[in-house]
Amino acid sequence: MMNNPTTRRWLERMLQRYLLPGIALVYIISAFSPQFGIWLRTQSFGEGGLGFGQITAVNLLLAGLLFNTGLAVPLKELLCLTRHPKLVALGLSIRITSSLLIILIAMVGGLLFSGHVWDSILLGLILIAVMPVANSSAGWTHHSDANVGLSMWLILSSVLLSPLLVPGLLDLSSQFVSAEIVEDYQRMAGGYAGSFVMMWVIIPAVLGVLFRTLFIKEYGPRLKLTVKVMTSLFLLILNYINGSVSLPGLLNGGQNGLILLVGFSASLSCGLLFAAAWMVSVICRLAKRDRLAVMYSTAMSNTGVALVLATTVAPELVVVHLMVIFYTLIQHIIAGVIDELVVSSSKSQSHSLDKPCTITSQPVLNDLEERPTTQTGSQAATYDGEVITSKGST
């Protein structure tokens, strides 16, 4: 089936069109029929050794997502931007600065409102803000004809720095919240630090990059589609398992007001992150293509990792789970709106290729019109005017 170009194009269109509604659907299924998800969550395959804890179905799915992230990264595109480390450092600084702005706004909100629900919403917002960059940001960056190489660097660098940034920012935030919820911040910080992030986040991502570099000579349409299908399947199953932990209780409790409040909070915080990233990028006078890449990479957080962490470390914090679930959906909706309103009008304009290291407007392996999935996008880079495709050919 994968060998037929027509079938491949049809399947890619189905993934791009229906993956986000599919995620919403599995959350609905998990709310009404959580038994299988709860059973999957309890499955363990022994100890990981070297102090890495148990090998569970959830951790394996998370590792699969991060491995596919690395697998989608052409090493030559990463090496291209090593000639411009200041741009990567600036992009990462904007990501951190915008996250700190959102944390500050959340802290101000915490002073105005009090109670267990607001404390949990605040924790969910901060947890999302400090997570590594979402894999899907590269897909939206590619579709917007922006700097995909910069986006890939921001994804990998945020993952590699996350063992320091995530616990550090959570501990910092815990200094300014009510005493009743400080322990929850500490549990989140302790759960992310150390062996968990090394075993199930960093190692799989690095292995994906190395595996592609050493063993895959041609990352062609057939292999790319296979990776997309596997990634989509992992993502749907993981969201179903995590949704099974918290959504049935909310549904049975008839807490419609709480659901609306959390949904509004997630929408507002996501919009503020996009706005903060754009504002800081403008202040730093980034070029439009770099600004778009930084905006997607800043506002779109790896909610898959956040939800696994929250449901594993604190399964009783249902409001935090719900906050992450809503944010998962909303960040893609806002990214799609931005792509339509801000970028689509300029897609016909050609980009200059006179820079030593940039991303071309030429599609690789994909139509330019296809929508990104919630995981990866196709990229092309130039090196001193020479086009480098995802196959490594020129």
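Calculation notes
Residues numbered from 1 in each chain as written. Predicted model: local features only at pLDDT ≥ 70, side-chain atom pairs only at ≥ 80, totals over all residues. Heavy atoms only, no water. Helix = DSSP H or I, 4+ residues; strand = E, 2+ residues; numbered from the N terminus. Buried < 20%, exposed > 50% of the residue type's maximum accessible area, 1.4 Å probe, protein only. Contact = heavy atoms within 4.5 Å. Areas by Shrake-Rupley, 256 points an atom, 1.4 Å probe, with all protein chains shown as cover. Salt bridge = Lys/Arg side-chain N within 4 Å of Asp/Glu carboxyl O. Patch = residues over 30% accessible without salt bridge, like charges linked within 9 Å, V, L, I, M, F, W, Y side chains within 5 Å. Core = buried A, V, L, I, M, F, W, Y, C linked by side-chain atoms within 4.5 Å. Expected span 1.5 Å × (residues − 1). Axes fitted to C-alpha atoms, helices over the stretch in contact; angles between N-to-C directions. Parallel < 35°, antiparallel > 145°, perpendicular 65-115°, else oblique. Left-handed = near helix turned anticlockwise from the far one by under 90°. Nonpolar A, V, L, I, M, F, W, Y, C, P; charged D, E, K, R; others polar.

### A few points about the overall build of the chain
And step 1. Regarding its fold elements, the chain presents 15 helices and 5 strands.
And step 2. Looking at the 394 residues of the chain, the share that counts as buried comes to 56%.
And step 3. Of all intrachain contacts in the chain linking residues separated by at least 6 positions in sequence, the fraction that spans at least 24 positions is 82%.
And step 4. Carbon and sulfur atoms provide 67% of the accessible area of the chain, an area that totals close to 16,700 Å².

### Digging into the pattern of salt bridges
And step 1. One pass over the full model with this rule turns up 2 salt bridges.
And step 2. The closest approach of N and O atoms between Arg-187 and Asp-184, which form a salt bridge, is 2.5 Å. In this pair, Arg-187 and Asp-184 both sit in helix H9 (residues 179-192), 3 residues apart, roughly one turn of the helix.
And step 3. We classify Arg-187 as partly exposed; its relative accessible area is 26%.
And step 4. One salt bridge in this structure joins Arg-187 and Glu-316, with 2.6 Å as the shortest N-O distance. Of the two residues, Arg-187 sits in helix H9 while Glu-316 sits in the loop between helix H14 (303-313) and helix H15 (318-343), which places them 129 residues apart along the sequence.
And step 5. Owing to a relative accessible area of 46%, Glu-316 belongs among the partly exposed residues under this scheme.
And step 6. Because the salt bridges share partners, they merge into one network encompassing Asp-184, Arg-187 and Glu-316.

### A closer look at the environment of Met-230
And step 1. Here Met-230 shows up in helix H11 (residues 221-252).
And step 2. Using a relative accessible area of 37% as the deciding quantity, one classes Met-230 as partly exposed.
And step 3. Between the alpha carbons of Met-230 and Leu-65 there is a distance of 8.7 Å; along the sequence they are 165 residues apart.

### Considering a nonpolar patch on the surface
And step 1. A cluster of nonpolar side chains, Leu-160, Met-198, Ile-203, Val-206, Leu-207, Leu-210, Phe-211, Leu-214 and Phe-215, forms an exposed patch at the surface whose accessible area comes to about 830 Å².
And step 2. No other element matches helix H10 (residues 195-215), which puts 8 residues into the nonpolar patch.
And step 3. Residue position: Leu-207 is located in helix H10.
And step 4. Under the relative-accessibility criterion, Leu-207 is labelled partly exposed at 45%.

### Quick word on the nonpolar core
And step 1. Counting 83 residues, the largest nonpolar core has Ile-126, Leu-127, Leu-170, Met-188 and Phe-274 as the members making the most contacts within it.
And step 2. Considering each element in turn, this core owes the most residues, 11 residues, to H15.
And step 3. Apart from the residues lying within four places of it in its own chain, the contact partners of Leu-170 are Ile-126, Leu-127, Val-130, Tyr-185, Met-188 and Ala-189.
And step 4. Among the nonpolar cores identified, the runner-up in size contains 10 residues, and Leu-92, Leu-154, Val-280 and Ala-293 belong to it.

### Some points on helix H6 (residues 116-130)
And step 1. For H6, spanning 15 residues, the distance from its first C-alpha to its last is 21 Å, which sits close to the expected 21 Å at 1.5 Å a residue.
And step 2. Within H6, 12 of the 15 residues are buried, leaving the element largely enclosed by the surrounding structure.
And step 3. Listing the buried residues of H6 in full gives Asp-119, Ser-120, Ile-121, Leu-122, Leu-123, Gly-124, Leu-125, Ile-126, Leu-127, Ile-128, Ala-129 and Val-130.

### Observations concerning the packing of H6 against helix H8 (residues 148-174)
And step 1. Close contact between H6 and H8 brings their axes to 9 Å; oriented N to C, the two are set at 150°. Here H6 lies roughly antiparallel to H8, going by the angle between them. In the packing of H6 onto H8, the handedness of the crossing is right-handed. Contact residues: Ile-126, Leu-127 and Val-130 in H6; Val-166, Leu-169, Leu-170 and Ser-173 in H8.
And step 2. Counted by class, the contact of H6 with H8 contains 6 nonpolar, 1 polar and no charged residues.

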